[in-house]
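Reading the structure
Read off the chains here:
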Amino acid sequence: MSEPAVTRHSPPDGAPLDSQLAQALDEQRLSDWTEMFTDDALYVILSRENYDRGLPVGLIYCENKRMIHDRAFALMETSMFAPRYLRHIIANQVVVSVESNGTIKSRANYVVLQVLFDRPDATLHQVGVYYDVFRRVGGELKLAERRCVYDNLLVPNALCIPV
Amino acid sequence: MSEPAVTRHSPPDGAPLDSQLAQALDEQRLSDWTEMFTDDALYVILSRENYDRGLPVGLIYCENKRMIHDRAFALMETSMFAPRYLRHIIANQVVVSVESNGTIKSRANYVVLQVLFDRPDATLHQVGVYYDVFRRVGGELKLAERRCVYDNLLVPNALCIPV
Amino acid sequence: MSEPAVTRHSPPDGAPLDSQLAQALDEQRLSDWTEMFTDDALYVILSRENYDRGLPVGLIYCENKRMIHDRAFALMETSMFAPRYLRHIIANQVVVSVESNGTIKSRANYVVLQVLFDRPDATLHQVGVYYDVFRRVGGELKLAERRCVYDNLLVPNALCIPV
């Protein structure tokens, strides 16, 4: 007879920030993307296999905003990075918890679609789930933790793009 | 001059439950998934071709929660079920009607992405639309009907996974 | 210290109309789709390459509802249009601005999935972003502008379907 829990019925408060993070990556505005993280943010990309086994080893492991910034730009400066368009689709947001200080834990599924400039078709680059922690800094919602756990990583594009 | 109808502007109340149903399937928590249905729930998977012609014949037809449970677990126990990851993307939720007793009729598009453990790429396993009826049982929103109408069913994976 | 902007925390008011537009296309109800536009609506489909360069040249360019209607139906009457199912997935809605008269500017990512009747698999037909302007006409929200900017256009299906 109890009221449905907050996880069911509140709008997913982090979802609009999700969209803005995705938009920044889609438009390759990597500085804007970085600025949506807290200074001490954790950003990790790891396989579902490792995540399920509790292994923290991943493709990307950044422990603060400076590392996130460096990692994002390092790739763009390599000559191996073929020009491409990326497009994020984020869905199924679930707010897991909201703490009294405004910290939000949530999850969402994602798909990253990719179009190489010299190919006509879009491909499924990466499919997975975000485990996120959002926190307010000076009244503004920022991303304090993002674990991107991928089901697949398409081998020909294994260069590690932020997602 | 009338106000926009409820179908347009209310948040899609069933959407968070949609996400939780999808999450349970993504994580192969089939008991949790089953428990989100009402005892007398209808669960059907059928082709768009049959749906458009008014033919009820489908790949899965379950008339109550017990049948849904049996059907979900039967597959997992077959030796033909190759290990795989599934990932649901649900979008375009539309609330069709909200009745005075809290029953919600809604629809949403879905994509099920699949990664076989021995293949590096994700594929589009199934694409379609959910026609849903949500009902409150003891204050909690449950799924009373779900018709999954698929545009395609990828032949190599024709074993019928719940979606 | 300022409050988060409206772009972050208000529900994306145009999103339900997005879903209804998508549903109308998915079900090939082209007249219903057309009626969701204002009389003077702009509807354009153009490549991301041209959009980024500020070139307005596109696959479709319609300056009012009558042109949109004609364009939508013209395709269906050609003999080259192979029977197919389309399915829209819209995500990452961001409200860019809300004006005092109720006009809403927003963006959203989209994927159009396609199933040809004689093929078992779904394919990624088109991937891109909507740049939209919604306006109230007689109390009802309508689409006053939609620019569909596609990352890719799958060559074998280059016939220009409304998205």
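The following paragraphs examine the structure supplied in this document. (Residues numbered from 1 in each chain as written. Chains lettered and ligands numbered in written order. Predicted model: local features only at pLDDT ≥ 70, side-chain atom pairs only at ≥ 80, totals over all residues. Heavy atoms only, no water.)

On to the interface of chain A and chain B, then. Where the parts come together, the accessible area they lose is often given as the size of the interface. Contact residues are listed per partner, giving 27 residues for chain A and 27 residues for chain B. Summing both partners gives a buried area of about 2,300 Å² for chain A against chain B, and 53% of it is carried by carbon and sulfur. Between glutamate 27 of chain B and arginine 107 of chain A there is a salt bridge, with the nearest N and O atoms lying 3.8 Å from each other. Put simply, the parts of the chain that give the side of chain A that touches chain B at least two residues each are helix H1 (6-9), helix H4 (48-52), strand S3 (84-98), strand S4 (104-116), strand S5 (123-137) and strand S6 (140-153) of chain A. (Contact = heavy atoms within 4.5 Å. Buried area = accessible area lost by both parts, 1.4 Å probe. Salt bridge = Lys/Arg side-chain N within 4 Å of Asp/Glu carboxyl O. Helix = DSSP H or I, 4+ residues; strand = E, 2+ residues; numbered from the N terminus.)

This part takes up the interface of chain B and chain C. On the chain C side, the residues contacting the 28 residues of chain B number 27 residues. Between chain B and chain C the total buried area reaches about 2,300 Å² when both faces are included, carbon and sulfur atoms providing 52% of it. In this structure, the connection of chain B to chain C is made through two salt bridges. For the pair chain B and chain C, the number of links is seven residue pairs in polar contact (both at pLDDT 80 or more). When contributions to the side of chain B that touches chain C are tallied by element, the ones reaching two or more residues are helix H1 (6-9), helix H4 (48-52), strand S3 (84-98), strand S4 (104-116), strand S5 (123-137) and strand S6 (140-153) of chain B. (Polar contact = N/O pair within 3.5 Å; in protein donor to acceptor, adjacent residues only side chain to side chain.)

Let's shift gears to helix H5 (residues 65-76) of chain C. All names here are of chain C. In this model H5 runs 17 Å from its N-terminal to its C-terminal C-alpha over twelve residues, within 8% of the 16 Å that 1.5 Å per residue would give. Listed in full, the buried residues belonging to H5 are Lys65, Ile68, Ala72 and Leu75. End-on view of H5: buried residues confined to an arc of 105°, all on one side of the axis. If you check the start of H5, you find a side-chain oxygen 3.1 Å away from the backbone N of arginine 66, and it comes from asparagine 64. (Expected span 1.5 Å × (residues − 1). Buried < 20%, exposed > 50% of the residue type's maximum accessible area, 1.4 Å probe, protein only. Arc of directions from axis to C-beta.)

Right, let's get into the relation of the copies chain A and chain B. The operation relating chain A to chain B is a screw motion whose rotation component is 120°, with 0.0 Å of axial translation and a residual RMSD of 0.0 Å. With respect to symmetry, the two chain copies, as superposed, fit the operation of a three-fold axis. When each C-alpha of chain A is compared by its distance to the rotation axis, alanine 91 of chain A comes out closest, at 3.9 Å. A distinct binding surface is used by each copy, with only 7% of the interface residues of chain A retained as interface residues in chain B. (Least-squares fit on C-alpha atoms with pLDDT ≥ 70 in both.)

Another aspect to go through is the packing of aromatic side chains. A full pass over the atoms with the stated rule returns 18 aromatic pairs over all chains. Ring geometry for tryptophan 33 of chain B against phenylalanine 37 of chain B: centres 5.0 Å apart, planes inclined by 80°, an arrangement best described as edge-to-face. According to the relative accessible area criterion, tryptophan 33 of chain B is buried, its value standing at 1%. The exposure class assigned to phenylalanine 37 of chain B is buried, which follows from its relative accessible area of 1%. Taken together, the aromatic side chains of Trp33, Phe37 and Tyr43 of chain A make up a single cluster linked through ring pairs. Across from the ring centre of tyrosine 130 of chain B, 3.6 Å away, lies the NZ or CZ of arginine 146 of chain B, which sits over that ring. (Phe/Tyr/Trp six-rings, centres within 6.5 Å; stacked < 30°, edge-to-face > 60°. Lys NZ or Arg CZ within 6 Å of the ring centre and 35° of its normal.)

Turning our eyes to something else, we now look at unusual backbone geometry. Unusually for a residue other than glycine, glutamine 28 of chain B sits at a positive phi of about 50°. Among the structural elements, glutamine 28 of chain B can be located in the loop between helix H2 (15-26) and helix H3 (30-35). Taking relative accessible area as the criterion, glutamine 28 of chain B reaches 39% and is therefore assigned partly exposed. In this structure, asparagine 92 of chain C is a non-glycine residue whose phi angle is positive, near 60°.

In this section: the pattern of salt bridges. Summed over all chains, the structure comprises 42 salt bridges over all chains. A salt bridge links glutamate 35 of chain B to lysine 65 of chain B, with the shortest nitrogen-to-oxygen separation between them at 3.3 Å. Remark: lysine 65 of chain B occurs in helix H5 (residues 65-76) and glutamate 35 of chain B occurs in helix H3; sequence separation between them is 30 residues. The salt bridge involving arginine 147 of chain B is made with glutamate 145 of chain B; its shortest N-O contact spans 2.7 Å. The exposure class of arginine 147 of chain B is partly exposed, given its relative accessible area of 29%. We classify glutamate 145 of chain B as partly exposed; its relative accessible area is 26%. Connected via shared salt-bridge partners are Asp26 and Arg87 of chain A together with Arg48 and Asp151 of chain C.

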